[in-house]
Amino acid sequence: MSSILNADLHCHSVVSDGTLTPEALAERARANGVELWALTDHDEIGGQHRAAAAARAQGMKYLTGTEISITFAGQTVHIVGLGFDPDDAAMRQGLRQTRGGRGPRAQEMAGGLAAVGIQGAYEGALKFVSNPELVSRTHFARFLVESGVCRDTNEVFRKYLIEGKPGYVPHRWASLRDAVGWITKAGGVAVIAHPARYRFTPNEEYALFTEFKTHGGQGVEVVTGSHSAAEALTYADMAREFGLVASRGSDFHSPDESHTDLGSLPFLPGTLTPVWELLADRIQ
Ligand code: AMP
Ligand code: MN
Ligand code: MN
Ligand code: MN
């Protein structure tokens, strides 16, 4: 398959911090012309069988997906996994472990918010959560918008949920080695998500790409809802320099919050190898 394909290999459902069900996402993706789709919920693959069935019902090709949170050089980095076996026991166990820290972290976040006068944030966030193992900052953001503290979720992150702000709790996620290992041992391809979003020094970024490759990582997101056109070109160069295949995904979360809709991104540059070429035999 060529790079001229409306593939959307990054989005979130109610199984993590999206607001649509896997079925509603599949319908929306299809309506927007997506030809190959992957649902990539944060640290969770519990929606994979539903998503695959929904894609099939829509006559759309499907790759399994997830987006794993890791800590690298003191920052949180996201690694997308594509085309793995969703029933792989080691991967399921690893992800369960990485989700395990979210409950206590959410309690601490609520404590930080209470200290600046915002009461009941834990219970408030939970109202927006459908997967009890996956309380995310996004759910806190939705509660703070609902209760009128901020106008939109972006403002909540800026004022309350990023490093240095009262609701931010640093967290130790999985390691790069573990995340890449779970994905590749389950037959999938690991992809560095939205690389332009991190605040690494050039040396740290070089280390991320180098270690990622050492552990068996093979791809990088080039065209994503989180990249400008200039950033896509930068990471197209990085893909060539490091011999990585390229991925494309909107990172869609919600019709009310996401500025990039499913299936609405530019195509991958024709000079790159698309990740779906490596995964041809994993496409359902
Ligand atoms: P968590 O995994 O709980 O740390 O939450 C991270 C999630 O917060 C990301 O996956 C995004 O969906 C969301 N997020 C992060 N930064 C922002 C931001 N500046 N504005 C809106 N949402 C954000
Ligand atoms: Mn998210
Ligand atoms: Mn992400
Ligand atoms: Mn994402």
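Scroll up a little and you will see the structure.
These remarks concern the structure in this document. (Residues numbered from 1 in each chain as written. Chains lettered and ligands numbered in written order. Predicted model: local features only at pLDDT ≥ 70, side-chain atom pairs only at ≥ 80, totals over all residues. Heavy atoms only, no water.)

Details of the overall build of the protein
Stated precisely, the cut-off is as follows: Numbering of helices and strands starts at the N terminus; helices are DSSP runs of H or I of at least 4 residues and strands are runs of E of at least 2. Each radius of gyration is computed over the set of C-alpha atoms, and the globule rule expresses the reference value as 2.2 Å times the number of residues to the power 0.38. Each residue is assigned to one of three classes by its accessible area relative to the maximum for its type, calculated with a 1.4 Å probe on protein chains only: buried under 20%, partly exposed between the two thresholds, exposed over 50%. We call two residues in contact whenever any of their non-hydrogen atoms come within 4.5 Å of each other. Here the Shrake-Rupley method, with its probe set to 1.4 Å, supplies the accessible areas, and only the displayed protein chains count as covering residues.
From N to C terminus, the protein includes 11 helices and eight strands. Its C-alpha atoms give the protein a radius of gyration of 18 Å, within 12% of the compact-globule value 19 Å for 284 residues. Summarising its shape, the C-alpha atoms of the protein cover approximately 55 × 45 × 40 Å along the three principal directions. For the protein, the residues scored as buried account for 56% of the 284 residues in total. Excluding contacts between residues fewer than 6 apart, the proportion of contacts in the protein whose partners are at least 24 apart in sequence is 73%. Carbon and sulfur atoms provide 50% of the accessible area of the protein, an area that totals close to 11,900 Å².

Some words on the coordination of the manganese ion (ligand 4)
As a reminder of what qualifies: Counted as coordinating are nitrogen, oxygen and sulfur atoms within 2.8 Å of the metal, or 3.2 Å for Na, K and Ca, while water is not included, which may make sites look incomplete.
Binding of the manganese ion (ligand 4) to the protein goes through His 10 (NE2), His 12 (NE2), Glu 67 (OE) and Asp 251 (OD), at separations of 2.1 to 2.2 Å. Mapped onto the sequence, the residues coordinating the manganese ion (ligand 4) show the spacing H-x1-H-x54-E-x183-D. A spacing of 4.7 Å is found between the manganese ion (ligand 4) and the manganese ion (ligand 2). In this pair, Glu 67 is assigned in strand 4 (residues 65–72) and Asp 251 in the loop between strand 8 (245–249) and helix 11 (275–278), connecting sequence segments 184 residues apart. As far as burial versus exposure is concerned, Glu 67 and Asp 251 are alike and both buried.

Focus on the side chain of His 42
As a reminder, the rule being used: Here a polar contact means two N or O atoms within 3.5 Å. Within protein one must be a hydrogen donor candidate and the other an acceptor candidate, and residues neighboring in sequence count only if both atoms are side-chain atoms.
By the secondary structure assignment, His 42 is in the loop between strand 2 (36–37) and helix 2 (48–58). Within the structure, His 42 has its side chain in polar contact with the side chain of His 12 (distance 3.5 Å).

Thoughts on the nonpolar core
Put simply, the rule reads: For our purposes a nonpolar core is just a set of buried Ala, Val, Leu, Ile, Met, Phe, Trp, Tyr and Cys residues, chained together by side-chain atoms within 4.5 Å.
Counting residues in each nonpolar core, the largest one holds 54 residues, and the members touching the most others are Leu 9, Ile 70, Ile 79, Phe 209, Val 222, Val 275 and Trp 276. In terms of residue count, the dominant contributor to this core is helix 10 (residues 229–242) (six residues). Ignoring sequence-local partners within four residues, the contact set of Val 275 consists of Leu 9, Leu 82, Val 189, Val 191, Val 245, Ala 246 and Ser 247. Ile 118, Phe 140, Tyr 160 and Leu 161 belong to the second largest nonpolar core, which has 19 residues in total.

Concerning the site of ligand 1
Just so we agree on the cut-off: Only heavy atoms are used to decide nearness, and a residue is near a molecule or strand if one of them lies within 4 Å of it. Note on residue classes: Ala, Val, Leu, Ile, Met, Phe, Trp, Tyr, Cys and Pro are nonpolar, Asp, Glu, Lys and Arg are charged, and everything else, Gly too, is polar.
The environment of ligand 1 is formed by Asp 17, His 42, Arg 102, Arg 105, Ser 136, Arg 137, Thr 138, Asn 154, Phe 157 and His 253. Take Asn 154: an N or O atom from its side chain is 2.9 Å from a nitrogen atom of ligand 1. For ligand 1, the protein covers 78% of the area, taking 500 Å² as the surface of the free molecule. If you list the elements that add at least two residues to the shell around ligand 1, you get helix 4 (102–114), helix 6 (137–146) and helix 7 (153–161). In terms of residue class, the shell around ligand 1 is built from one nonpolar, five polar and four charged.

As for the packing of aromatic side chains
The following threshold applies: Pairs were defined over the aromatic rings of Phe, Tyr and Trp, the Trp ring being its six-membered one, requiring ring centres within 6.5 Å. Orientation was assigned from the angle between planes: stacked under 30 degrees, edge-to-face over 60, tilted for the rest.
Applying the stated criterion to the full structure yields six aromatic pairs. An angle of 20° between the planes, with centres 6.4 Å apart, marks the rings of Phe 209 and Tyr 235 as stacked. Taken together, the residues span a long stretch of sequence, with Phe 209 in helix 9 (residues 202–214) and Tyr 235 in helix 10 at a distance of 26 residues. The same class applies to Phe 209 as to Tyr 235, namely buried. An aromatic cluster is present here, built from Tyr 206, Phe 209, Tyr 235 and Phe 242 joined pairwise through their rings.

Describing the sheet that holds strand 3 (residues 61–62)
Sheet strands pair by backbone hydrogen bonding; their relative direction is either parallel or antiparallel. Cut-off, in case you're wondering: By the convention used here, strands pair only if DSSP detects at least 2 bridges between them.
An order of 1-2-3 is seen for the three strands of this open sheet, with the pairing classed as parallel. Pairing within the sheet leaves two strands with one partner each, and these edge strands are strand 1 (7–8) and strand 3. In this structure, strand 1 lies alongside strand 2, joined through two bridges in parallel fashion. Along strand 2, the bridge assignment pairs Asp 8 with Trp 37.

Overview of the side chain of His 12
With respect to the helices and strands, His 12 occurs in the loop between strand 1 and helix 1 (22–31). Its relative accessible area of 0% is what places His 12 among the buried residues. In terms of polar contacts, His 12 uses its side chain to reach the side chain of His 10, at 3.3 Å.

Some words on the coordination of the manganese ion (ligand 2)
Within the protein, the manganese ion (ligand 2) binds to Asp 17 (OD), His 42 (NE2) and His 253 (NE2); these donor distances fall in the range 2.1 to 2.2 Å. In primary sequence terms, the donor set of the manganese ion (ligand 2) follows D-x24-H-x210-H. Taken as a pair, the manganese ion (ligand 2) and the manganese ion (ligand 3) show a spacing of 5.8 Å. Here His 42, found in the loop between strand 2 and helix 2, pairs with His 253, found in the loop between strand 8 and helix 11; they are 211 residues apart in sequence, far enough to count as distant. You can call His 253 buried: its relative accessible area is 14%.

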